[in-house]
Amino acid sequence: MRFLLNTGRTIIQGSNVEKKNSHTYMQEASSCHMNPVDMMILDIEEEANILVRSRFGEVVMWAIPDTGMARGEVFVCLGPYANYVVSAETHCTGMPDLKSTEVDIEPSKEEVSPLWRLMESLGGYRYED
Amino acid sequence: MRIEDVVCSFCGCLCDDLVVEVEGKKVLNVENGCKLANEKFMGNSRLKSPIKRVGTKWSEIGLEEAIETTAQVLLDADRPLLYGWSGTHGEAQSIGVHIAELLGAVIDNTSTVCHGPSILAIQEVGHPGCTLGQVKNRADVIIYWGANPIEAHPRHMSRYTTYADGFFLKDAFRERKVIVVDIRKTETANIADEFIRIEPGGDYAILSALRAIVRGKGDIVPRSVAGVEKEQLVRVAEICKSAKFGAIFFGLGLTMSRGKNKNVRNAIELTEELNRHTKFTISPMRGHWNVYGSNEVFTWISGYPFAVDFARGIAFYNPGETTSVDILRRGECDACLVVASDPGAHFPAECSRHLASIPTIQIDPHINATTYLSHLQIPVAVTGIDAEGTAYRMDGIPIRTRKVFQSNYPSDTEVLEKIYQIIRREIGP
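For every chain, the first residue of its written sequence is number 1, and the numbers climb from 1 along that sequence. To label them, take the chains in the order written and letter them from A, then take the ligands in the order written and number them from 1. Reporting of local features is limited, given that this is a predicted model, to residues whose pLDDT is at least 70; pairs of side-chain atoms are given and counted only at 80 or more, and all residues count toward the totals for whole chains, interfaces and linings.

With that out of the way, let us pick up the overall build of chain B. Think of it this way: any DSSP run of H or I at least four residues long counts as a helix, any run of E at least two long counts as a strand, and we number them from the N terminus. From N to C terminus, chain B includes 19 helices and 21 strands. For chain B, whose C-alpha radius of gyration is 23 Å, the value lies close to the compact-globule estimate of 22 Å for 429 residues. Taking the principal axes of the C-alpha coordinates as reference, chain B spans close to 70 × 50 × 40 Å. Evaluated residue by residue, chain B yields a buried proportion of 60% over its 429 residues. Taking the intrachain contacts of chain B between residues at least 6 apart in sequence as the baseline, contacts between residues at least 24 apart amount to 67%. Radius of gyration means the value over C-alpha atoms here, while the globule rule gives 2.2 Å times the residue count to the 0.38 power. Buried means a residue has 20 or more other C-beta atoms within 10 Å of its own C-beta, exposed means 12 or fewer, and partly exposed covers the counts in between; C-beta atoms are placed from the backbone. Contact criterion: two residues are in contact if their C-beta atoms, reconstructed from the backbone, are within 7 Å.

Written out as structure tokens, the structure is:
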């Protein structure tokens, strides 16, 4: 099922922005807020894992029911999980389409990757304090 | 020790009324701060010493070696990119621009993925803005458009708008009308007097419709525009026209949605239209605490607010070409210095992939997504906690941040000054 991905700030994301290797940050940045009716149609339970796929990449997140969301739209706070499926095309403005990426969503049995694994998949290496 | 009037270096509000209790090198308590401020001051997740990666192995190194390596990587690069800057003080930003000029590098700040499009619009049609003090004391109509201050700027409403009594508004909560325009029902929308819920990408059409109604051409507006009933738009236009003083605050809902800079231009032109009837202003809700400062500092040195390319020996500015996301997408830069920012978390994955493939060096107090993409990281003091310097509030007011304790970390200025001196020595006069 196709959705429009919107991104933005949340206070939990902001509170943990300097603790990006924390579990709380990972949980918040990988939370995909969806309209409960859309979740029901897709047979996705609350806090179940989902695969979010666009033309530019795919990443596992977890679904959060949110009655503030319109049908067909999903919200993920700004961060590495949302950016995993956003194109780097800027249409000559310097700004990617961070609020208007089309994604397909389906239930998934895969686990949500911690931040370091996400960065390793892009060529980085984990650092442990 | 109890320190009063401490400036919070988190968001563009730069609240300057915090009371911080300090013991040695630890903040024990923060009063007056929002959740973001409390977490910032009370946080203890600093990187302890400079780290360097060779292959897959990370190891700690000395500060002087880290600084020397950074300078050498930048000197060896053909097209270095210096990115970030919004999370540090103006004095450090200034050294950054001078390093870029010496190297013939591109220097860009985080505006590129926040209010860069707003700057493009302002360069086209100007900025009818004002200080937050004016809003607090005078504005009886507030519009938040594509912005969610409850989550992103938690004290904006209590210090300057909805809940802040002002000189001409003795009972702000009752006397001010708050209008929220968004595509989703946010916490901010929940407390609005009027919530305009628009379809995604509908901002430009709604702004155009409002301009037409304010201009007296409402008869050409269809019954519904981008999911909003004409009746509501007429009602909102009337609220705006009958305001004594109106203030529009807009967020990334305008700059990141379809239309981007053209959305902002249309919003500025709506403001201009409203000024034919009453006093109206418009201002961006700046995110990083000193992103406005990075635009100021870049402009007074190079003439341009972000995305400045010195490769030609003079400052060149062409957003879409000299902006970081575009340079990384094209795989153009062969080294990157990241200062006080986290592009690994906030750039599209394709850009992060390129950052991981080149020598990327980060100057930042904390471990973040960019750490994993980097080859070297130098931890520094946090401005507003153990470093001080000048910052610009979201309305362009310079505020001096304070140091609440002395730590062993060097400041951004100290590290960058040393890098500058090495590069200058190598390149020559």
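Once that is clear, we can look at the overall build of chain A. In terms of regular secondary structure, chain A is built from five helices and six strands. In chain A, the order of α-helices and β-strands from amino to carboxyl end is β-α-α-β-α-β-β-β-α-β-α. Judged by the C-alpha coordinates and their principal axes, chain A covers about 40 × 35 × 25 Å. Counting only residues that meet the buried cut, chain A has 52% of its 129 residues in that class. Pairs at least 24 residues apart make up 73% of the contacts formed inside chain A by residues separated by at least 6 positions.

Our next topic: the packing of helix α3 (residues 90–103) of chain B against helix α19 (residues 412–427) of chain B. All names here are of chain B. Think of each axis as a best-fit line through the C-alpha atoms, taken over the contacting stretch in the case of a helix, with angles from 0 to 180 degrees between the N-to-C directions. Two numbers describe how α3 lies on α19: the axes approach to 9 Å, and their chain directions differ by 20°. Considering their axes alone, α3 and α19 lie roughly parallel with respect to each other. Viewed along their axes, α3 and α19 form a crossing whose handedness is left-handed. For the pair α3 and α19, contact is made by Glu91, Ala92, Ile95, Gly96, His98, Ile99, Leu102 and Leu103 and by Asp412, Thr413, Leu416, Glu417, Ile419, Tyr420, Ile423, Arg424 and Ile427, respectively. Polar here means any residue other than Ala, Val, Leu, Ile, Met, Phe, Trp, Tyr, Cys and Pro, which are nonpolar, and Asp, Glu, Lys and Arg, which are charged; Gly is therefore polar. Partitioning the contact of α3 with α19 into residue classes produces 10 nonpolar, three polar and four charged. If an angle is under 35 degrees, it is roughly parallel; if it is over 145, roughly antiparallel; if it lies from 65 to 115, roughly perpendicular; otherwise it is oblique. With the far helix as reference, a near helix turned anticlockwise by less than a right angle produces a left-handed crossing, and one turned clockwise produces a right-handed crossing.

Moving on to the interface of chain B and chain A. Facing 59 residues of chain B, the contacting portion of chain A comprises 46 residues. Grouping the constituent residues of the side of chain B that touches chain A by class yields 25 nonpolar, 21 polar and 13 charged.

Our next topic: helix α11 (residues 230–241) of chain B. All names here are of chain B. Along its 12 residues, α11 runs 16 Å from first to last C-alpha, staying within 8% of the 16 Å computed at 1.5 Å per residue. For α11, the set of buried residues is Leu233, Val236, Ala237 and Cys240. Projected onto a plane normal to the axis of α11, the buried residues spread over an arc of 100° and lie on a single side. Facing away from the buried side of α11 by over 90 degrees, the exposed positions are Glu231 and Glu238. By this rule, a helix spans an expected 1.5 Å times one less than how many residues it contains. What the arc describes is the spread of directions from the helix axis to the C-beta atoms.

This brings us to the sheet that holds strand β9 (residues 177–182) of chain B. Residue and element names in this part refer to chain B. In short, DSSP must find at least two bridges between two strands for them to pair. An order of β10-β9-β8-β13-β14 is seen for the five strands of this open sheet, with the pairing classed as parallel. Taken across any chain shown, the strands that pair with only one partner, and hence form the sheet edges, are β10 (194–197) and β14 (279–284). Geometrically, the sheet is characterised by an average inter-axis angle of 15° between neighbouring strands, direction not taken into account. Note that β9 and β10 share four bridges and pair parallel. Pairing of Asp182 across the sheet is with Arg197, part of β10. Packed on one face of the sheet, helix α13 (residues 261–274) meets β8 (141–145), β13 (245–250) and β14 and runs near 160° to β14.

For the rest of this paragraph, the subject is the sheet that holds strand β2 (residues 31–34) of chain A. Residues and elements named next belong to chain A. Around the barrel, six strands lie side by side as β1-β5-β2-β4-β3-β6; this closed barrel has mixed pairing. Sheet twist, expressed as the mean angle between neighbouring strand axes with direction ignored, is 45°. The pairing of strand β1 (residues 2–8) with strand β6 (residues 101–107) spans four bridges and is classified as antiparallel. Its bridge partner being in β6, Leu4 is matched across the sheet by Glu102.

The next subject is unusual backbone geometry. All names here are of chain B. Positive phi outside glycine occurs at Asp5, with the angle close to 55°. Within the element layout of this structure, Asp5 appears in strand β1 (residues 2–6). For Asp5, a count of 11 C-beta atoms within 10 Å translates into the label exposed. Positive phi, normally seen in glycine, also occurs at Ala307, with a value near 50°. Examined against the element boundaries, Ala307 turns out to sit in the loop between α14 (291–302) and β15 (308–309).

Side chains on a regular strand alternate between the two faces of the sheet. All names here are of chain A. The buried fraction of strand β5 (residues 73–77) is high, at four of five residues. In this structure, β1 lies alongside β5, joined through five bridges in parallel fashion. Bridge pairing in β5 places Thr7 opposite Val76. Judged from the two bridges that link them, β2 and β5 form a sheet pairing that is antiparallel. Each residue of the ladder has a partner; that of Met34, found in β5, is Val74.

Turning our eyes to something else, we now look at the domain arrangement of chain B. Bring the parts together and some accessible area is lost; that lost area is often taken as the interface size. All names here are of chain B. Domain delimitation follows an automatic or database domain assignment. Splitting chain B by domain gives domain 1 (46–114 + 289–427) and domain 2 (116–284). Placing a centre on the C-alpha atoms of domain 1 and another on those of domain 2 gives a separation of 34 Å. Across the boundary between the two partners, domain 1 contributes 11 residues, which contact nine residues of domain 2. Residues belonging to the side of domain 1 that touches domain 2 are distributed by class as follows: six nonpolar, four polar and one charged.

All names here are of chain B. In this model α3 runs 20 Å from its N-terminal to its C-terminal C-alpha over 14 residues, within 8% of the 20 Å that 1.5 Å per residue would give. Buried within α3 are the following residues: Gly90, Ala92, Gln93, Ile95, Gly96, Val97, Ile99, Ala100 and Leu103. Looking one or two places after α3, you find Gly104, whose phi comes out positive at around 70°.

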